[in-house]
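A look at the structure
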There are 4 protein chains.
Amino acid sequence: MAGSTFGKIFKITTWGESHGKALGVVIDGCPAGLELSESDIQPFLNRRKPGQSEITTQRNESDEVELLSGVFEGKTTGTPISMIIKNEDHNSNAYDELKDVYRPGHADLTYDAKYGFRDHRGGGRSSGRETVARVCAGAVASKILAQLDIKVKAFTKSIGDVVLPEGEIDFSVQNIVNMPNSEYAEKAIELINEKRSEKDSVGGTIECIVDGCPAGLGEPVFDKLDANLTKAVMSIGSIKGVEIGSGFDASTSTGSLNNQEGAGGILGGISNGKQIKLTAAVKPTPSIAQEQQTTDKDGNDVSIEIHGRHDPVIVPRACVVVESMVAITLADALLENMSSRIDGIINFYK
Amino acid sequence: MAGSTFGKIFKITTWGESHGKALGVVIDGCPAGLELSESDIQPFLNRRKPGQSEITTQRNESDEVELLSGVFEGKTTGTPISMIIKNEDHNSNAYDELKDVYRPGHADLTYDAKYGFRDHRGGGRSSGRETVARVCAGAVASKILAQLDIKVKAFTKSIGDVVLPEGEIDFSVQNIVNMPNSEYAEKAIELINEKRSEKDSVGGTIECIVDGCPAGLGEPVFDKLDANLTKAVMSIGSIKGVEIGSGFDASTSTGSLNNQEGAGGILGGISNGKQIKLTAAVKPTPSIAQEQQTTDKDGNDVSIEIHGRHDPVIVPRACVVVESMVAITLADALLENMSSRIDGIINFYK
Amino acid sequence: MAGSTFGKIFKITTWGESHGKALGVVIDGCPAGLELSESDIQPFLNRRKPGQSEITTQRNESDEVELLSGVFEGKTTGTPISMIIKNEDHNSNAYDELKDVYRPGHADLTYDAKYGFRDHRGGGRSSGRETVARVCAGAVASKILAQLDIKVKAFTKSIGDVVLPEGEIDFSVQNIVNMPNSEYAEKAIELINEKRSEKDSVGGTIECIVDGCPAGLGEPVFDKLDANLTKAVMSIGSIKGVEIGSGFDASTSTGSLNNQEGAGGILGGISNGKQIKLTAAVKPTPSIAQEQQTTDKDGNDVSIEIHGRHDPVIVPRACVVVESMVAITLADALLENMSSRIDGIINFYK
Amino acid sequence: MAGSTFGKIFKITTWGESHGKALGVVIDGCPAGLELSESDIQPFLNRRKPGQSEITTQRNESDEVELLSGVFEGKTTGTPISMIIKNEDHNSNAYDELKDVYRPGHADLTYDAKYGFRDHRGGGRSSGRETVARVCAGAVASKILAQLDIKVKAFTKSIGDVVLPEGEIDFSVQNIVNMPNSEYAEKAIELINEKRSEKDSVGGTIECIVDGCPAGLGEPVFDKLDANLTKAVMSIGSIKGVEIGSGFDASTSTGSLNNQEGAGGILGGISNGKQIKLTAAVKPTPSIAQEQQTTDKDGNDVSIEIHGRHDPVIVPRACVVVESMVAITLADALLENMSSRIDGIINFYK
C-alpha cells in the first residue's frame, strides 16, 4: 500500500474513487510565493473533461476544482496545497450487474486479489477518473516550470495506424483528437468512428516534448530523469509502453547513427539542455459494447456486454494527463538539482 | 542528488565508479533467515563479466564479490548486507585524451553540466560498470523470489533487425548472445561482427518474463507494478524504451483483441497471477572506433575516435542486469503487499 | 519543503491552516477490510475540541469530520482515506493587528524567514489547529491497533509543579485536565486558574503508555521504535522534550539499577513486549494577555498584548494528539515488521 | 526492515556489525566540489576511538577509514561516497557464553524476537560500534556546514549528579570526560572510578550547541528541525531522552518566562537564526561486571556476570556521535530548504 504519493521534494498525494464523494490531491513542497488560483487549474481540467465531443464518454461532470489550503492572498505559502473536485454524476446502479464479474482488460480481478474486495462502481480507484487529481497537480507544476520558461506539450502522435509524421506537426491546429494536423486528425476521427460502430475501441500514441529545460536535471543512478519520467507516465492507466528519444528504433539502429539523434534530450539520466522527447503507447479502451468472454469472482466463465458511456479511444483526453505527469516529474527534478554543487549552495545562502 | 537508492522495503544503495577503488551495494531490508553466501552472488556476476567472448569488451576483471555484513553463520540477519567488488584493471591513462572532450552518446557533457566537473576515467559513475552492484542485489532478490517459486528470466529478443519470433524460444539453448535459439543467434553474431568490422555498433531488445508471481503485487496509483518495473529497467544505462505486455503494439490494436492478450500479467498496476512480460530497447554502444564529430568542454567542435575495448553490442551482457532490476522490484513489491489487508495482518501476528 | 507526510507504510499527509477553508488528512496505506466510519473518528476529535471547559479556548468549532474516500460499504478499501474538517469560526480580523508583529514564542518570525511571507491569521499552518488532522489519522491507527489488542493511552502527568505520582493513577477518574486522580487534578486546576488570573500560562507533561504491543517492532539503526516515537511526538507544536522509559533519570542512575527498570518497553530500538512508556514536556502557551516585548518584521522593538481566546494551558487537549502520534507510529512499525523474516514471508504467501 | 538510511537529500546508509569484517557508510547526496579526503574524517573517528584512557574500553581498534568512491582529484563528485572501517580486534570467542543468554539492558532479546536469531558477538548490529559509520558521515556533514560558518559542538554536560553549570563552560579546556571545566571534570572522573570499583556504571547528559545556523531550516509539520534532530539523536543507542531549549524545564515554567528563553533556536519547527541547543540523556552502560539476574532464550531465569572491556560510562565517547547526528540533520535541512521559495529558485537557475 501507500502508493498514492509521487515525487521527492515536489510531492503529490492523490485520493478518490470514480463514484465516491470527491477526488483530490495534496501537493506538499510547492515553493512559496507562486501566484496561484483556481483559474490556473481549471483550464487543465477542462482539457481532460468528459462529454466534450462525440468521441468521448458522455459522463456529465463539471469538474470544478476548489483550492482548500496553501494559498494566501493569491500566493502559495509553502504549506500543503489541497485541491478537491466533487463527483456529481453518481449513477452507480449501472455497475451493479458488474459487481461479481471481472471485466476483461480492467483491474477488477487484481483489486479483488489484492484487497479482498473492491469498490466496483466504475472501477473505483482504478478508474481513469483518478487522473483529475494528477491534472490539478500538473497545472501547478507547469506554472512553476513556466517561471523558468520551460514548456511541456503533449499531443496525439497516432491513433491506430494513423501516424502523424514528424514533419507534419502544426501546433496552431486544434481538434477533438489533439492531433496537430487537420488532415491526419480527420483520418483518425474516421477510424475512431469506424471502431465505435463495430462496438470496438482503438489505441494510439502520445508524444510529449519539453522545450527550455536546463541541462543538469536528473539524479543517477536510479532517479535518472528518463527513469522517473517513464515511471510517471507508465503509472497512468492504459499506458503499455514508454520511449525516450529514439526509443525502440534505437534497437535497430547503429552507434554511428543513434549517437547523433537518439538521446531525446537526456544522456546518462541527466537532461542535456536540448528538447526532451518522450512517447507513450496507449492501449484501446477495454470497455467495449461487444460481447466478451470473461470470468466471475467464483471462477466461472461468463460472457458480458459493457454498456454505458465509454470513450472509443482514450488518447485525446490522456494527452493532458501525460503532460501533467511530465511537468510534475520535471518540477521535482528541478528542485532536487539545486543541491548538486557546493558552490551553488554557498551562493544561495550568501 | 541522492538518486542511488532503489526500493522501499527491500532497499538497495549502490556506489562506485568505473576506475575507482571498488564498487558495491548495501541492501537494507533483506528478510532474516535467508541462506546466503558469496556463491549465490558470483554466478550472476559471471553472467555480466567482460571478456567472455569475442563480442564483448576485453577489459579484464575477475569481478569477485565479497560479503562484508548482514550474514552470520550462513544466514541473513535482517541487518544491512554490504557487498563489494574491487576494481582491478585500472588503466585509466587511456582516458586522459578524453578528459576535455564530450563523447557522443555518453554522459560526459551532462555530468559536467550538473556537477561542475567529472571523473572522466571510463565514464566514472555513468559507466555500465556501475551495474555490477545491481547484479549483486539482483542475485539476493532472486533468491528471495525462489523461496516462493517465482522465476525471473531475461534473454536477448533481438539484435538489430534479427528478431527471435515468439514461437522459436528454446531456453535449453545457450550461446554468447543469450538468444535462446541457435539459428537466430548465429544470424545475430554475424550482424554484430559485421558492425564491428565497420567500426560501428548495434542495438537490440531484451525480453524478461516472470513465472509464478502471485496476484496482488503492486501499489496503485503511482507505485504500480508496471510503473516500478519500467523505472527499474529504464534506469539502466543504454535503455531507451520499455514495454509491458503488448506494449507499443497495443497502440495499433483494438479493445476486442488487446483485452485478451495484451496485459502482460499486470492489470491496473497489480499482478494478475499470469506470466509477466516486459521488453526493453537497448541502444547501440555509443563508444565506436569511427571518427565522430562532437564538442569539447569549451564548446569547440572537435572530432574523435574512441579506441580501446568496447562491446560492439551491449544486449547480451545487459540481460542479467534487466533480470536483476526486475527481481529487485518484485521482491520489494512482494514485501510491501503483505500489509494490504487487515485479516492478513491479524493472522500474521496471531 | 514537503514535510507534511509521516510514516512509511501507514503514511499520513496533513494539510490546512488555522483560518483557511478546511483542514484534512490523507491516509495512504491503511489495510483493506477494516470497518471504519465517521463515528470512529469523531470521539477522538471531541477529545481535543476547544470550548469544552473554562480552562480551554472559547473558539467555537464543531470539528465534524467527513470521510471522502477509501471506504466502501463500511470497510476500508486499501486506497487512500481522505478526511476533511471544515473551519467555521473565521473571525480572522482579530489577527490583523498582528500582521507585522512577531509574537514571542510563536513561529511568526521563522515562517517569514523561510517562506518570505506568511498566513498571519491565527498562526496559519503553525497553529495548534493543525493537529485536528493528526487526531483523525490517530483514530484510524488506533482502530488497527485495537484489532491486535494493542492499547495506547495518554494522560496529563503534571501541570507546572503539580506532578501525579506513579502510584496514584486511576484511569476511571475523568476531569477537565485529563489527570487520572481527582485530588491532583483539583490542584492542577487551581494552578491553571491562578496563572490565568495573572494573564500568564503554564506548562506540563504528558505520559503515554502502550499495553499489548508485541515484541519486535522498530527498524534499527535509524528507524528504531523509540527514535520514530520521539520524532512523532516532538513534531507536535509546544513539545520541548521527550523521554522513553527512565528518560533523563537514567542520566543520574547506575547500570545495576537502570538495567532492570529503565527500558520503557524498548531495547536496541525494538519493542520487548512489555509496556511502552513515553513522556513529553509541553511548554506554557505562548499566547498570553500580559504585555510582552518583541520585534516587528522590520526589526523594530515593539510591545504587544495578545487578546482573544487562548488556553492558559495546552496539556489536557494535547493528550489525544500525543496518543494519536504514538498510535500512528506503532501502526506503521507493525506493518513494516511483517517483512522481517523469510519464514514469515513464506508462510504469508502459502 | 530497511531502517539503516537517514536523511532525505543528504542521505546516509550505514552497515556493519561489531565483530563482522568491517563497518561502513554510503553517503548519497553530498554536493559536488567539496574538498574531501580521509584526513577530514579521521579526527572525528579518533574522538570516539576506544582505548584512549583509563575510563574507556580497552578494545584495541585503529579505526582507520578508507574512502572508496565519490571523490576524484581531492573533490567530491556528487556521486555516492563509500567509506569503510575494517574490524581488527576479532576476539569473538569471549561472547560464546552469552550466546543463549539475554544480557539485561541490551538488545539481545529484542533482536531474537524480531529476526528469529542474532549475531551474538558483541551485540552484532546493536553494538555501539555501529556508530563509527555515523561519525564518518558526521565529519562530511560538518565540512559542508563549515562552508557556511555553521559550527556544531557537543560536550559532556553531566556525569551522574555532577552537572556542569551553564556559566562554567570553557571550551579551551580538554580532558578525558569531554567536560569543558577542569574542576567538574575531576569530580566526574572520581565518580566514574567509584562506580567502576563497584563493578557498576553511570549515565550522564550531553549538550549540543549550533552556532551560525541561518533562520529558515526545518520542514513543518512533521519534518520540523527539532523533530528531526530529536530522532537523529534518539536513534543512538543508550539515549533515553532529548530536549530542545528549555526542554523539561518548560513544563514547570510560565509563558511569560519561557517565551523569552526557552526556544533553543527553533520555533514552529524552523530555525530562528539564534544558537540551537539540544540536550540528550545517556543511560549507564548496561554491561557491568556485577552479577545480574536475567533470562535465557528458553525463558529460564539465569544469573550472569559480564566480563571484558566495557566503558563504565559512555557519555564522553558519545559526544562526537551526537555532534555527528546533529550535523547530518542540519546538512540535510540546509539542502532541503533551498527549494522553499519561487524567487530563490528563479535566481538559482538564472
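Coordinates for the structure precede this section.
The rules behind these values
Sequence order sets the numbering: in each chain, residues are counted from 1 along the sequence as written. To read the labels, note that chains go from A and ligands from 1, taken in the order they are written. Per-residue local features of the predicted model are confined to residues with pLDDT of at least 70, and side-chain atom pairs are confined, for both listing and counting, to 80 or more; whole-chain, interface and lining totals are unaffected and use all residues. Just so you know, side-chain values use all the structure's heavy atoms and leave hydrogens and water out. Think of a salt bridge as a Lys or Arg side-chain nitrogen and an Asp or Glu carboxyl oxygen that are within 4 Å of each other. Numbering of helices and strands starts at the N terminus; helices are DSSP runs of H or I of at least 4 residues and strands are runs of E of at least 2. Only protein chains enter the area calculation, which uses a 1.4 Å probe; residues under 20% of their type maximum are buried, those over 50% are exposed, and those in between are partly exposed. Copies are brought into register by a least-squares superposition over C-alpha atoms of residues with pLDDT of at least 70 in both. Any two residues having at least one pair of non-hydrogen atoms within 4.5 Å are treated as being in contact. Buried area is a sum: the accessible area each of two parts loses on coming together, probed at 1.4 Å, counted once for each and added. Like-charged residues within 9 Å of one another, or nonpolar side chains (Val, Leu, Ile, Met, Phe, Trp, Tyr) within 5 Å, are grouped into patches, provided each residue has over 30% relative accessible area and no salt bridge. Per-residue accessibility takes into account occlusion by the displayed protein chains alone, with areas from the Shrake-Rupley method and a 1.4 Å probe. In summary, the charge assignment counts Lys and Arg as positive and Asp and Glu as negative, without counting His or the chain termini. A charge is said to be at NZ when it belongs to Lys, at CZ for Arg, at CG for Asp and at CD for Glu. Two strands qualify as a pair provided that DSSP identifies no fewer than 2 bridges between them. As used here, the term nonpolar core means buried Ala, Val, Leu, Ile, Met, Phe, Trp, Tyr and Cys residues forming a set that is joined through side-chain atoms within 4.5 Å. For every element, the axis is a line fit to its C-alpha atoms; helices are fit only across the contacting stretch, and the angle between N-to-C directions ranges from 0 to 180 degrees. Should an angle fall under 35 degrees it is called roughly parallel, over 145 degrees roughly antiparallel, and 65 to 115 degrees roughly perpendicular, with every other angle called oblique. If you view the pair so one helix is near and one far, a crossing is left-handed when the near helix is turned anticlockwise from the far one by less than a right angle, and right-handed when it is turned clockwise. We call Asp, Glu, Lys and Arg charged. Ala, Val, Leu, Ile, Met, Phe, Trp, Tyr, Cys and Pro are nonpolar, and the rest, Gly among them, are polar. Paired rings are identified among Phe, Tyr and Trp, the last through its six-membered ring, by centres lying within 6.5 Å, and are further divided according to the angle between planes into stacked (under 30 degrees), edge-to-face (over 60) and tilted (the rest). For a lysine, the NZ atom is tested; for an arginine, the CZ atom; a charge sits over a ring if that atom is within 6 Å of the ring centre and within 35 degrees of the ring normal. A cavity here means a set of points on a 1 Å grid, drawn over the protein atoms and nothing else, where a 1.4 Å probe fits but cannot get out; a pocket is an open set with protein on both sides within 12 Å along at least five of seven lines, and a residue lines either one if it has an atom within 4 Å of a point. Grid points are joined across faces, edges and corners, and a volume is the space filled by probe spheres set on the points.

As for the pattern of salt bridges
Here the structure, examined in full by the defined rule, presents 86 salt bridges over all chains. Between Lys114 of chain D and Glu219 of chain C there is a salt bridge, with the nearest N and O atoms lying 2.9 Å from each other. Separated into two different chains, Lys114 of chain D in helix H2 (residues 108–115) and Glu219 of chain C in the loop between strand S11 (204–211) and helix H5 (225–234) make up a pair that spans both. Residue class for Lys114 of chain D comes out buried when judged on its relative accessible area of 3%.

Some words on the relation of the copies chain A and chain B
Rotating chain A by 180° about the axis while translating it 0.0 Å along that axis superimposes it on chain B, leaving an RMSD of 0.0 Å. Taken together, the turn and the small shift mark the pair as related by a two-fold rotation axis. If distances are taken from each C-alpha of chain A to the rotation axis, the shortest is found for Lys231 of chain A, at 2.5 Å. Counting the interface residues of chain A, we find that 100% of their copies in chain B are interface residues as well, pointing to one common contact surface.

Description of the interface of chain D and chain A
When the parts of a complex come together, some accessible area is lost, and that lost area is often taken as the interface size. Opposite the 23 residues of chain D that make contact, chain A presents 23 residues. Each partner contributes to the roughly 2,300 Å² buried at the junction of chain D and chain A, and carbon and sulfur atoms together form 72% of this total. For chain D, the biggest contributors to the area lost against chain A are Met338, Ile342 and Tyr349 of chain D; these three give 31% of the whole. Run the count over chain D and chain A and you get zero salt bridges.

Quick look at a negative patch on the surface
The grouping of Glu168, Glu183, Glu186, Glu190 and Glu194 of chain A at the surface amounts to a negative patch. Within the element layout of this structure, Glu194 of chain A appears in helix H4 (residues 182–197).

Considerations on the sheet that holds strand S8 (residues 101–102) of chain D
Residue and element names in this part refer to chain D. One open sheet holds the three strands; their spatial order is S8-S16-S17, and the pairing between them is antiparallel. Because the sheet does not close on itself, it has two edges, and the strands there are S8 and strand S17 (301–305). Examined bridge by bridge, strand S16 (residues 291–296) and S17 share five bridges and lie antiparallel to one another. Considered in S17, the bridge of Thr295 is made with Asp301.

A word on the nonpolar core
The tendency in soluble globular proteins is for nonpolar side chains to be buried side by side. Counting residues in each nonpolar core, the largest one holds 351 residues, and the members touching the most others are Phe10 of chain A, Phe10 of chain B, Phe10 of chain C together with Phe10 of chain D. With sequence-adjacent residues up to four places away left out, Phe10 of chain D is seen in contact with Ile27, Asp28, Gly29, Cys30, Ala137, Val140, Ala141, Ile144, Ile328, Ala331, Asp332 and Leu335 of chain D.

Things to note about the packing of helix H1 (residues 38–48) of chain B against helix H3 (residues 131–147) of chain B
Residue and element names in this part refer to chain B. One can describe the packing of H1 onto H3 by two numbers: an axis separation of 9 Å at closest approach and a directional angle of 135°. The orientation of H1 relative to H3 falls into the category oblique. Judged by the sense of rotation from one axis to the other, the crossing of H1 with H3 is right-handed. When H1 is examined against H3, the residues Asp40, Ile41, Phe44, Leu45 and Arg48 are found in contact with a partner set consisting of Thr131, Val132, Val135, Cys136, Gly138, Ala139, Val140, Ser142 and Lys143. Along the lines of polarity and charge, the residues of the contact of H1 with H3 split into eight nonpolar, three polar and three charged.

Comments concerning the packing of aromatic side chains
On inspection of all chains with the given rule, the structure shows 18 aromatic pairs over all chains. Aromatic side chains Tyr111 of chain D and Tyr115 of chain D sit 5.5 Å apart centroid to centroid with 55° between the ring planes, which places their arrangement in the tilted category. Of this pair, Tyr111 of chain D and Tyr115 of chain D both sit in helix H2, four residues apart, which is roughly one turn of that helix. By relative accessible area, which is 6% here, Tyr111 of chain D ends up buried. Cation over ring: Arg47 of chain B sits above Phe44 of chain B, and NZ or CZ is 5.5 Å from the ring centre.

Describing the sheet that holds strand S2 (residues 11–16) of chain A
All names here are of chain A. Taken in spatial order, the five strands line up as S1-S2-S3-S7-S4 in an open sheet, and their pairing is antiparallel. The open sheet is flanked by strand S1 (5–6) and strand S4 (65–67), the only strands paired with a single partner. One ladder, built from six bridges, connects S2 with strand S3 (residues 22–28); its direction is antiparallel. Each bridged residue has a counterpart across the sheet, and for Thr13 the counterpart in S3 is Val26. Packing against the sheet, helix H1 (residues 38–48) makes contact with S4 and strand S7 (81–86), and its axis sits at approximately 155° to S4.

Looking at the relation of the copies chain D and chain A
When chain D is fitted to chain A, the best match, at an RMSD of 0.0 Å, comes from turning it 180° and sliding it 0.0 Å along the axis. A shared binding surface is used by both copies, with 100% of the interface residues of chain D retained as interface residues in chain A.

Description of empty space enclosed by the protein
All names here are of chain A. Tallied over the full model, the rule gives 18 cavities of 30 Å³ or more. Here the second largest cavity is characterised by a volume of approximately 120 Å³. Lining of the second largest cavity is provided by 15 residues; of these, Tyr111, Arg118, Asp119, Gly123 and Gly124 occupy positions nearest its centre. The residue makeup of the lining of the second largest cavity, split by class, is three nonpolar, six polar and six charged.

Overview of the interface of chain A and chain B
Listed per partner, the contact involves 95 residues of chain A and 95 residues of chain B. Approximately 6,900 Å² of surface area, both sides summed, lies buried where chain A meets chain B, with 56% of it carried by carbon and sulfur atoms. Here chain A is connected to chain B by four salt bridges. As a salt-bridge pair, Asp223 of chain B and Lys231 of chain A come within 2.5 Å of each other at their nearest N and O atoms. Looking at which element gives the most residues to the side of chain A that touches chain B, the answer is helix H2 (residues 108–115) of chain A, with seven residues. Residue composition of the side of chain A that touches chain B, by class: 34 nonpolar, 42 polar and 19 charged. Summarising the sheet, strand S12 (residues 239–244) of chain A and strand S12 (residues 239–244) of chain B pair through three bridges and their orientation is antiparallel. Each residue of the ladder has a partner; that of Glu243 of chain A, found in S12 of chain B, is Gly241 of chain B.

Brief notes about the pairing of S12 of chain A
All names here are of chain A. Most of S12 is tucked away: six of the six residues are buried. Inspection of the sheet shows S12 paired to strand S15 (residues 276–282) by five bridges, in the antiparallel sense. Counterpart to Gly241 in the pairing with S15 is Ala281.

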